[in-house]
Amino acid sequence: MALPPLDVDTALDVDTALDVDTALDVDTVLAELTLEEKVSLLSGVDDWFTQAIDRPGLTQAVPSIEVGDGPHGLRKETGVDMMWVPATGFPTASAMGASWDRDLVRRVAAAIGEEARAEGVQVVLGPGVNMKRSPLCGRNFEYFSEDPFHSGELGAAYVTGLQSTGVGASLKHYAANNQEIERTRISVVADDRTLRETYLAAFERVVRQADPWTVMCSYNRIHGIHASENRWLLTEVLREEWGYQGAVVSDWNAVHDRVAALRAGLDLEMPGTEGRTDAEVVAAVRAGNLDEAVVDAAARRVLTLVARAYPGVDVVDGPVMHLGHAAGDRLTDEQLRLLKADEHHALAREAAAASITLLRNDARPAGGPALPLGQNGGRIAVIGAFAEHARIQGGGSSGVDPTRVDVPLEEIRAIAGAGRVSYAPGYVHLPKNAYQDDNVATLAAHGITLVEERPKVARRSATLAKELQLAEAVQHLAKAQPSDTARRLIDEALTAAQDAETIIVFAGLPLAFEQEANDRASLALPEEQNVLIAELAELRDRTGAALVIVLANGSPVTMEPWHDSVDSIVECGLGGQGVGAAIARALFGLANPSGRIAETYPLAIEDTPGFPNWHGERGVVLYGEGVFIGYRWYDALRRRVLYPFGHGLSYTSFGYADLSVEIVDAAVGRVRVTCRVTNEGSRAGAEIVQLYVGDPDAEVSRPVRELRGFEKVHLEPGESAEVGFDLDGRDFAYWDVAADRGDDRLGLWRREAGEFIVEVGASSQDIRLEHTISLPDDASIPGLVRDADLQGVVASRFTQGHAG
Ligand code: BGC
């Protein structure tokens, strides 16, 4: 693999302890290692490093590799709890998901890779491609979408971009890690079709398309067996069916039985256990309970990972560098230059801009819509503390200490002129820095004094455990009527907005709502924000001002107390360090919003998939809704939503025409779809053209439509473009759990003969063109056994399912 040279002329603090100039010869080294040495490679030294081996007699030393968190920017720990090395903070996956832009995701991941290389990190722990089963999952901001095709495509783009820099990816969290409550114990019970079509499909796509260096198993259990010990998941599906050759790494502390995990196919346990589990593995081999060949296979995969990380000087421009600085240090100019901090900040702004989604922009009684704002004109009141301290990311292991953060209020003043803009915070928001809120101060501001308690949550970091408790208290408080402080801030905001022509409210979820290891209890914004917006809406009705809401949140919120009384709603997601400049430009029409939400915004939490049992009980969660999550659920139930999957407006409008659906090869299900998209307005803009397929007459119950293609097209006013999609047999198929594969296993992808509806549209509920085609059965697989005949044919194996 040809790698781009690092853009450095000064090598800082180069690690010269080991000879890493020559690519590792895996076969030779493996043959020379003792059992103990091989086993030592199978768990980390600590949180972030793998084991090095260097002793006389080895042809080559085995260097240690360093891993670091992602996926929205590099999180490299400093050694001081909750302090990280500065890096560029890009939009979170949920926001990048709204961009639907493979090339942008690839470029962002490549930038993260460049920073990782400059920091000496060889594997970045991301991307996450878990499905958003419920909008309440506290980690939804770390995932791209509720659709496996969309997540798989963007996940593959991410891995390709990152690995193009010579830094490995870790595709996570494999699999069915869809809630944070009880995440280390919960047992997911889902039928095989649901797993294959919904919870494994994005992983499969990324593995097949982009070959991530590592796959990270999840914490949870599937059918009672932890993912880390699940042979069906890690070996039968991942390796034997998908052909994965890379290393499987555990999520941090996800291993409960090291020997069972090794047998199941888990190669590298993280973090290290100071030799405790190594001893268990060695003892198992010596006692004849574990075949040494299993150890060899895992050690080979870890050595291959090391070899990929150190490909030799002929391809990498010298060993990686450690910028090396003390906790809390900001970077020097030289270090910022090495990180390409300016260039990457510009990319962070571009990515934030591409993620911004215009949810609503209704015509006002006085004329056109409120947005875009004029660069000249009347007074603007900016309300909301997030305008002063942008919400850029969620909490937990993906947090980044950003190299800088654009301030929305300043960016708005720079465009509109400071004299035109008044500001009031409107609600309590007290950040410690760009990645931690001061929850103690927040509670105190509302008049709550805390009684100090020992943290109950078992986590690596006591500080984090305490933060989680505080976050829960903040979430709880947010449901209450505004406190005296909140009331005062609302009154001050009403005064600041009194004579404004336009009121822009920056609202959204505080950090306490969106973090790893916790889920949300409600979809509502904090009550103080709802009251603030509702009272500003009353002011708007009296004064005739335009009311614009700018949201910052990593997954959907409900808006019923005020939704119909505001003029425009713009969703920024958690937009990373460039979101301040991006939103200001979008508000004033210097950029045209082109994001489309990749997670449905429901009207109420009770409407959401599997709601009554969403996180299960007594250690088990039943995915009873099957493949019907996200838009598949709302479509099947014909349930109204606030904003459908794929929705987003623009300052221009697009026309769709000339649909052509050509069956290229009926036998294998190859179909070519084209249509023409035209920018019919007067501004340049981008449209995301979405292709859905439906199979109305299948033997099994299938979603009304499923996303099978998307393309983002940038068009000048009046310009049009042909957009094309190539579908293959799998795009029409479902996982037939009862089909006999002939290798003693059941289940395969079946394209069943019949009619298929091909739809092209601007969202899952804004279908512009459709055409019905007929395809024959796939003759290469065994014929369909109808439900009525099933029990007689495969009775016992069909009802058994898979184990472990
Ligand atoms: C998270 C992973 C993360 C790892 C290392 C775990 O708790 O689930 O996503 O990469 O910690 O920080």
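Definitions and cut-offs
- Residues numbered from 1 in each chain as written.
- Predicted model: local features only at pLDDT ≥ 70, side-chain atom pairs only at ≥ 80, totals over all residues.
- Heavy atoms only, no water.
- Salt bridge = Lys/Arg side-chain N within 4 Å of Asp/Glu carboxyl O.
- Axes fitted to C-alpha atoms, helices over the stretch in contact; angles between N-to-C directions.
- Helix = DSSP H or I, 4+ residues; strand = E, 2+ residues; numbered from the N terminus.
- Parallel < 35°, antiparallel > 145°, perpendicular 65-115°, else oblique.
- Left-handed = near helix turned anticlockwise from the far one by under 90°.
- Contact = heavy atoms within 4.5 Å.
- Nonpolar A, V, L, I, M, F, W, Y, C, P; charged D, E, K, R; others polar.
- Pairing = 2+ DSSP bridges.
- Polar contact = N/O pair within 3.5 Å; in protein donor to acceptor, adjacent residues only side chain to side chain.
- Near = heavy atom within 4 Å.
- Areas by Shrake-Rupley, 256 points an atom, 1.4 Å probe, with all protein chains shown as cover.
- Phe/Tyr/Trp six-rings, centres within 6.5 Å; stacked < 30°, edge-to-face > 60°.
- Buried < 20%, exposed > 50% of the residue type's maximum accessible area, 1.4 Å probe, protein only.
- Expected span 1.5 Å × (residues − 1).

Participant: What is the right way to look at the pattern of salt bridges in this model?
Facilitator: Where charged atoms from two side chains of opposite charge come close, those side chains can pair. One pass over the full model with this rule turns up 61 salt bridges. A network of salt bridges, in which partner residues are shared, links Asp147, Arg632, Asp695, Arg702, Glu706 and Arg708.

Participant: Help me understand the packing of helix α4 (residues 102-118) against helix α5 (residues 148-163), please; the structure alone is not making it clear to me.
Facilitator: A pair of packed helices can be characterised by two numbers: the angle between their axes and the separation between those axes. Running from N to C, α4 and α5 point in directions that differ by 40°, and their axes come no closer than 7 Å. By the criterion of interaxial angle, the relationship of α4 to α5 is oblique. Here α4 runs over α5; the crossing is right-handed. Together, Arg102, Val105, Arg106, Ala109, Ala110, Ile112 and Gly113 of α4 and Phe149, Glu153, Leu154, Ala157, Tyr158, Gly161 and Leu162 of α5 make up the contact between the two elements. Residues that form the contact of α4 with α5 fall into these classes: nine nonpolar, two polar and three charged.

Participant: Any chance you could explain the sheet that holds strand β1 (residues 67-69) here in plain terms?
Facilitator: Paired through their backbone hydrogen bonds, the strands of a sheet run either parallel or antiparallel. One open sheet accounts for five strands, arranged β1-β3-β4-β6-β9; its pairing is parallel. Looking at the sheet topology across the chains shown, the edges are occupied by β1 and β9 (247-249). The sheet shows a mean angle of 30° between the axes of neighbouring strands, taken without regard to direction. When strand β3 (residues 123-125) meets strand β4 (residues 168-174), the two strands line up parallel, connected through two bridges. Directly across from Val123, in β4, lies its bridge partner Gly168.

Participant: Even after reading the chapter, I still don't get the sheet that holds strand β22 (residues 654-665), so can you show me in this structure?
Facilitator: Spatially, three strands are ordered β22-β23-β26 in an open sheet, and the strand pairing comes out antiparallel. With partners counted over all chains shown, the strands left at the sheet margins are β22 and β26 (720-727), one partner each. With strand direction ignored, the average angle separating the axes of adjacent strands in the sheet is 15°. As defined by bridge partners, strand β23 (residues 670-679) adjoins β26 across eight bridges and the pair is classed as antiparallel. Residue pairing across strands places Arg676 opposite Glu722, the latter belonging to β26.

Participant: Please explain the side chain of Arg751 as it appears in this structure.
Facilitator: By the secondary structure assignment, Arg751 is in the loop between β28 (746-750) and β29 (754-763). In this structure the side chain of Arg751 is engaged in a polar contact, spanning 3.2 Å, whose partner is the backbone oxygen of Ala666. Of the polar contacts made by the side chain of Arg751, one reaches the backbone oxygen of Asp777; its length is 3.4 Å.

Participant: Can you walk me through the site of the ligand in this structure?
Facilitator: Near the ligand you find 15 residues, and of these Asp69, Arg139, His173, Tyr219 and Asp251 are the closest. Between the ligand and the protein, one listed contact pairs an oxygen atom with a side-chain N or O atom of Asp69 at 2.4 Å. The separation between an oxygen atom of the ligand and a polar side-chain atom of Asp251 is 2.7 Å. Summarising the interface, the protein chains cover 100% of the accessible area of the ligand, which totals 310 Å² for the free molecule. Looking at the shell around the ligand, its residues break down into five nonpolar, two polar and eight charged.

Participant: When you look at the packing of aromatic side chains in this model, what are you seeing that I'm missing?
Facilitator: The description of two aromatic rings rests on the distance between their centres and on the angle between their planes. Under the defined criterion, the tally for this structure stands at 14 aromatic pairs. Geometrically, the ring pair formed by Trp100 and Phe710 is edge-to-face, given 5.2 Å between the ring centres and 85° between the ring planes. Residue Trp100 is located in the loop between α3 (93-99) and α4, and its partner Phe710 is located in strand β25 (residues 706-715); the two are separated by 610 residues in the primary sequence. An identical accessibility class is assigned to Trp100 and Phe710; each is buried. Where Phe149 meets Phe710, the ring centres are 5.8 Å apart and the plane angle is 80°; that geometry is what we call edge-to-face. Note that Phe149 is positioned in helix α5 and Phe710 in strand β25, a separation of 561 residues in sequence. Using a relative accessible area of 10% as the deciding quantity, one classes Phe149 as buried. What makes Phe710 buried here is its relative accessible area of 0%.

Participant: What should I look at first to understand the side chain of Glu269 in this one?
Facilitator: Mapped onto the secondary structure, Glu269 falls in the loop between α9 (258-264) and α10 (276-286). Separated by 2.7 Å, the side chains of Glu269 and Thr277 make a polar contact.

Participant: Can you help me understand helix α18 (residues 527-543) in this one?
Facilitator: Since there are 3.6 residues in each turn of an α-helix, residues three or four apart along the chain are aligned in direction. For α18, built from 17 residues, the straight-helix expectation of 24 Å at 1.5 Å per residue is met to within 8% by its first-to-last C-alpha distance of 24 Å. Listing the buried residues of α18 in full gives Glu528, Gln529, Asn530, Val531, Leu532, Ile533, Leu536, Ala537, Leu539 and Arg540. Where α18 is buried, its residues meet β11 (380-383), α17 (484-497), β16 (502-508) and β17 (546-552). One or two positions beyond α18, positive phi appears at Gly544, with a value near 80°.

Participant: Any chance you could explain the pairing of strand β6 (residues 214-217) here in plain terms?
Facilitator: Every regular strand shows the same layout, with side chains that alternate between the two sheet faces. What you see with β6 is no split at all: Thr214 and Met216 on one side and Val215 and Cys217 on the other are buried throughout. Bridge count for β4 against β6 is three bridges, and the pairing is parallel. Note that in β6 the partner of Leu171 across the bridge is Val215. As paired strands, β6 and β9 are joined by three bridges and run parallel to one another. From the neighbouring strand, Thr214 faces β9, where its bridge partner is Ala247.

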